[in-house]
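Geometric and topological summary
Residue strings, one per chain:
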Amino acid sequence: MEKIAIPTTIYSGDDSLSVLKIIKQATVLLVCDPFLPGTPGLKSIQTQIDNTNQTTVFSDVKPNPPLTNIMAGVKIFNQIKPQYVIAVGGGSAIDTAKAIRFFGERLNQTEIKCFIAIPTTSGTGSEVTNTAVVSDEKNASKTPIIKDHLTPDIALLDPKLVMSAPASVTAFSGLDVLTHALESLVSVDPGANVISTALSEEAIDIIVNHLVTCYKQPDNYEARKIVHEASNAAGMAFNTAGLGIAHSIAHQLGAQFHLPHGLACAMMLPIVIEFNAQDHKVRDKYVKAAVKAGIGNRNLSPRLEIKRLQNTIYKMMDQMKCPHNLRAFGVDPAEAKAKTEVVVKAARADGTFPGNPIVPTDEQLTKVYQAVIG
Amino acid sequence: MASLEEQIRRILAEELQNESATTPSQVGGATKGKNGVFTSIDDAIAAAKAAEERYVDCSIETRNNVIDAIKEGFRPYIKKMAEDIVAETGMGTVDAKVAKLNNALYNTPGPEILQPEAETGDGGLIMYEYAPFGVIGAVGPSTNPSETVIANAIMMLAGGNTLFFGAHPGAKNITRWTIEKLNQFVEEKTGLTNLVVTLDKPSIESVQKMMKHPDIAMLSVTGGPGVVHQAMTSGKKTVGAGAGNPPAMVDSTANIDLAAHNIIDSAAFDNDILCTAEKEVVVEASVKDELIRKMQDEGAFLITNPSDIQKLVDMTIMDNGAPSRKFVGKDATYIMDAAGIHYTGQPREIILEAAADHPLVTTEMLMPILPVVACPDFDSLLKTSVLVEGGNHHTASIHSENLPHINQAAHRMNTSIFVVNGPTYAGTGVGHTGASALTIATPTGEGTATAKTFTRRRRLNSPEGFSLRSWRQ
């Protein structure tokens, strides 16, 4: 039996924020990125919230949400006991809000009425996933909290909110979307199904054909809207289907060498595609999706089609000024090589690892990792 | 707070201990240079090396895109570059710079000339391809700063190389501007960076260091004998472009109108600064007066007073025998004003009669002073020309309608460029006369360099096939 749940109600478009008007005479906790208060983007959100509400803003959000920041948020949650939690920002802000909600509900034995996620980057898909990753800096560990009830009730996709993102954020987060889509497409844990595959394939098509436009024309509303929706679709796809070793290793590249997450994913993606394409069933899934996205054509041999797919990814990276490998990013290759054992071990323990369609041996995982060193 | 923390930690502990790692989203590892300009030579060469490792795997289409980006990108800036070069170096003329820039940009062949060669037969397939060297260290002159950057970049990038460019200190601003722009154009179109790199503060020491750097695979040096010698003793493959002192020969059969026109037009082009430009005329005595008269009609000013000639020598040739930098590439009128020589009109070239051993004849003057040496017959004309060319084997021209004379002179002069009945700038490609030739490698023998000069010839043997004509069971 396969379980397919897409519980989030999604509103997309430049008038989507008006949905916030439904909140009346309530206590609201608004969690957002620290650079957002005072910006026109956040103001456009706040003006939609009726002034019969009591709104408290919590903006002490950090990347890789640390427990300390979450605790500060939980303290506020305990004081105001909100009925609504609104998360505004990138993946970190939405994850922080999810974690505050999780601990707050448990500690107060209450349930909030509604969790609304408003992403300001097109990337993590966190607005439709059931996961929040928490860093415990004291024990230098990271714990994913995976609870279906953490999946946001409502996601508002306003393309105007992503237009102000720096070009590199557009590039990296968009490539993260592509990685979500291509990994969920072939994932085996929990596993892709017809619905998730449809979402993955459409997201691939959109990112391949529109992401570079967003990068070059940040104010292109149509392109921003469709890429924002693709991010959302890919989020739903991997929330159902899972991910794979591009993410497992990318997480280590972030931890070890401080690569931006989306860039790390993009560097790994062509290498992992080649590795996974050894399995011809997996290869055929990639081929089908690539052809649908307008890469190559049906008459090419699968091997060539895979090559085209890899080249397309590299070409997009070139167009968006992304280095292809660690060396080009500025990591000392010798240092990267020395970290092989740590990376391979941690990648194997990563939560995304079981999704990969081929279970790699340590030797294979080593090869895949070392291919990204350059 | 402590109790809250305890509670939260307890809840957290109940959660899966499935260790996972996500990432900070900070951009790091930024490259040290900007638009190809670096402060340290090691950083610059490392960047060009990294760029090469990526570029070498790029498609030929990408190479073409890179070159198109250069050609299209500079199109609106040609006049500005020409003016800036003249302003910074104080040498040459804007019109000539425009012509030379157009020549470098739109007359330098790209990857299309690097077609493979193949032999086939009973031994299967033998194929030769032209592959890149790697990072090429190039050194340019102040006489052709942007032109050399552009032509070298097109040739070397066409061959799949990247390059470090050592700017001439006398043209460092325009060289840097050209390289920055070039990188911007290329990055915009292809996303590739640092295909051409240079230093923010060029120096002789940095060029010396570059020549010894292990990541420099090949050198291409345009300059005086000192720097060319240094390159050739570096132990690296070197394309060296050296000095010349081109004679224009005119025999008694020549079309004197045409000869006078071509010689003055070519010598005055960019104020005689090109190493290919006519630096002296060697003429058969029977047509000397007619030639001089017609050269005057073409805008040359004849100096006859021996004391004026001596003033010119004293002023323009320094004690060490080299031409004075103060007058290299300057206008003829500027030179005569400085020497206090009275002239009329706006002459573009100074001419005078001189003996073959006169210092203005034997020195590569690089300024619009063109001595005329008369010889009684063709044999002595040719001998004199060989002598005054100084063994550089660089460039020579002949104006003649006598085929044996032309052939004999072409053979005997033994130069990299030999022009028959034309201006010697034709040998550099100006005026749609063949591929651009900004680097004329005489000492090392490659002659007028093209993309092929900056490639390695590699051979592939496949004895079991392929040959359409032959099949062995």
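What you are looking at is a predicted structure, and each value in this text was computed from that prediction instead of being measured. (Residues numbered from 1 in each chain as written. Chains lettered and ligands numbered in written order. Predicted model: local features only at pLDDT ≥ 70, side-chain atom pairs only at ≥ 80, totals over all residues. Heavy atoms only, no water.)

1. Here we look at the packing of aromatic side chains
All names here are of chain B. One pass over the full model with this rule turns up eight aromatic pairs over all chains. For the pair F327 and Y334, a centre-to-centre distance of 6.1 Å together with 55° between the ring planes defines the contact as tilted. Directly above the aromatic system of W177 lies the positively charged group of K80, at a separation of 5.0 Å from the ring centroid. Against the face of Y128 rests R457, its NZ or CZ located 3.8 Å from the ring centre. (Phe/Tyr/Trp six-rings, centres within 6.5 Å; stacked < 30°, edge-to-face > 60°. Lys NZ or Arg CZ within 6 Å of the ring centre and 35° of its normal.)

2. Topic: the packing of helix 10 (residues 280-292) of chain A against helix 11 (residues 302-319) of chain A
All names here are of chain A. The interhelical angle for the contact between helix 10 and helix 11, taken along N-to-C directions, is 60°, at an axis separation of 9 Å. Judged by the inter-axis angle, helix 10 sits oblique to helix 11. Seen from above, helix 10 lies across helix 11 with left-handed handedness. Of the residues in helix 11, those in contact with R283, Y286, V287, A290 and V291 of helix 10 are P302, E305, I306 and L309. (Axes fitted to C-alpha atoms, helices over the stretch in contact; angles between N-to-C directions. Helix = DSSP H or I, 4+ residues; strand = E, 2+ residues; numbered from the N terminus. Parallel < 35°, antiparallel > 145°, perpendicular 65-115°, else oblique. Left-handed = near helix turned anticlockwise from the far one by under 90°. Contact = heavy atoms within 4.5 Å.)

3. A word on unusual backbone geometry
With an omega dihedral of -5°, the bond running from A:D189 to A:P190 counts as a cis peptide bond. The topology assignment puts A:P190 in the loop between helix 5 (167-186) and helix 6 (194-216). We note that A:K321 has phi near 55°; this positive angle belongs to a residue other than glycine. Counting through the fold element by element, A:K321 comes out in the loop between helix 11 and helix 12 (326-329). Phi at B:N414 is positive, roughly 55°, even though this residue is not glycine. By the element assignment, B:N414 lies in the loop between helix 16 (403-413) and strand 15 (417-420).

4. Here we look at the side chain of A:Q48
Assignment of secondary structure puts A:Q48 in the loop between helix 1 (40-46) and strand 3 (54-58). A polar contact of 3.4 Å, which involves the side chain of A:Q48, links it to the side chain of A:K21. (Polar contact = N/O pair within 3.5 Å; in protein donor to acceptor, adjacent residues only side chain to side chain.)

5. Side note on the domain arrangement of chain A
Residue and element names in this part refer to chain A. Looking at the assigned domains, one finds that chain A contains domain 1 (9-161) and domain 2 (167-372). On a C-alpha basis, the centroid separation for the pair domain 1 and domain 2 is 27 Å. Across the boundary between the two partners, domain 1 contributes 18 residues, which contact 18 residues of domain 2. Here domain 1 and domain 2 share an interface that buries about 1500 Å² over both sides, 57% of which is from carbon and sulfur atoms. Of all residues in domain 1, S122, G123 and P159 give up the largest surface area on contact with domain 2, accounting jointly for 36% of the area buried on that side. Seen at the junction of domain 1 and domain 2, the total is zero salt bridges. Counting every contact that joins domain 1 to domain 2 gives 10 residue pairs in polar contact (both at pLDDT 80 or more). Where the side of domain 1 that touches domain 2 is concerned, the elements lending two or more residues are strand 1 (9-12) and strand 8 (154-157). Residues that form the side of domain 1 that touches domain 2 fall into these classes: six nonpolar, nine polar and three charged. (Domains from an automatic or database assignment. Buried area = accessible area lost by both parts, 1.4 Å probe. Salt bridge = Lys/Arg side-chain N within 4 Å of Asp/Glu carboxyl O. Nonpolar A, V, L, I, M, F, W, Y, C, P; charged D, E, K, R; others polar.)

6. Regarding the domain arrangement of chain B
Residues and elements named next belong to chain B. You can read the domains of chain B as domain 1 (4-242 + 446-458) and domain 2 (247-434). Each of domain 1 and domain 2 has a C-alpha centre, and the two are 37 Å apart. Opposite the 16 residues of domain 1 that make contact, domain 2 presents 18 residues. Summed over both partners, the interface of domain 1 with domain 2 buries about 1200 Å², with 54% contributed by carbon and sulfur atoms. In this structure, D270 and K100 form a salt bridge, with 2.6 Å as the shortest nitrogen-oxygen distance. The tally of links from domain 1 across to domain 2 stands at eight residue pairs in polar contact (both at pLDDT 80 or more).

7. Some remarks on the state of the cysteines
A covalent bond between the sulfur atoms of two cysteines is what we call a disulfide. Scanning all chains against the criterion turns up zero disulfides over all chains. A:C265 supplies the cysteine sulfur nearest to A:C322, a cysteine that is in no disulfide, at a spacing of 12 Å. Residue A:C322 is classed as buried on the basis of its relative accessible area, which comes to 2%. Left without a disulfide partner, B:C58 is nearest to the cysteine sulfur of A:C322, which lies 15 Å away. (Disulfide = S-S within 2.5 Å. Buried < 20%, exposed > 50% of the residue type's maximum accessible area, 1.4 Å probe, protein only.)

8. A look at the packing of helix 10 (residues 256-268) of chain B against helix 11 (residues 285-297) of chain B
Residue and element names in this part refer to chain B. For the pair helix 10 and helix 11, interaxial distance at closest approach is 9 Å and the crossing angle is 50°. Comparing their axes, helix 11 and helix 10 come out oblique. Considering only the axes of helix 10 and helix 11, their crossing is right-handed. Residues I256, D257, A259, A260, I263 and I264 of helix 10 form the contact with helix 11, whose participating residues are V287, E290, L291, K294 and M295.

9. A look at the sheet that holds strand 3 of chain A
All names here are of chain A. Here six strands make up an open sheet; going across it, the order is 1-8-5-4-2-3 and the pairing parallel. Across the chains shown, the open sheet's two edge strands, defined by having one partner strand only, are strand 1 and strand 3. Recorded for the sheet is a direction-independent mean angle of 20° between the axes of neighbouring strands. Sheet topology note: the strand 4 (residues 84-89)/strand 5 (residues 114-119) ladder contains six bridges and is parallel. (Pairing = 2+ DSSP bridges.)

10. Some words on the confidence of the model for chain B
This prediction gives chain B a mean pLDDT of 92; 95% of its residues lie at or above 70. Note on residues 16-30 of chain B: pLDDT is under 50 here. Beyond four places in sequence and across chains, it has 48 contacts. (pLDDT = per-residue confidence, 0-100.)

11. Considering the pairing of strand 4 of chain A
All names here are of chain A. In terms of residue burial, strand 4 counts as a mostly covered element, since six of its six residues are buried. Side-chain alternation along strand 4 places Y84, I86 and V88 on one buried face and V85, A87 and G89 on a second face that is also buried. Sheet analysis places strand 2 (residues 27-32) next to strand 4, joined by five bridges and oriented parallel. From the neighbouring strand, V28 faces strand 4, where its bridge partner is Y84. Between the parallel pair strand 4 and strand 5, the chain is carried across by helix 3 (residues 91-108), and the sense of this crossover is right-handed. (Right-handed = clockwise from strand over helix to strand, strands pointing away.)

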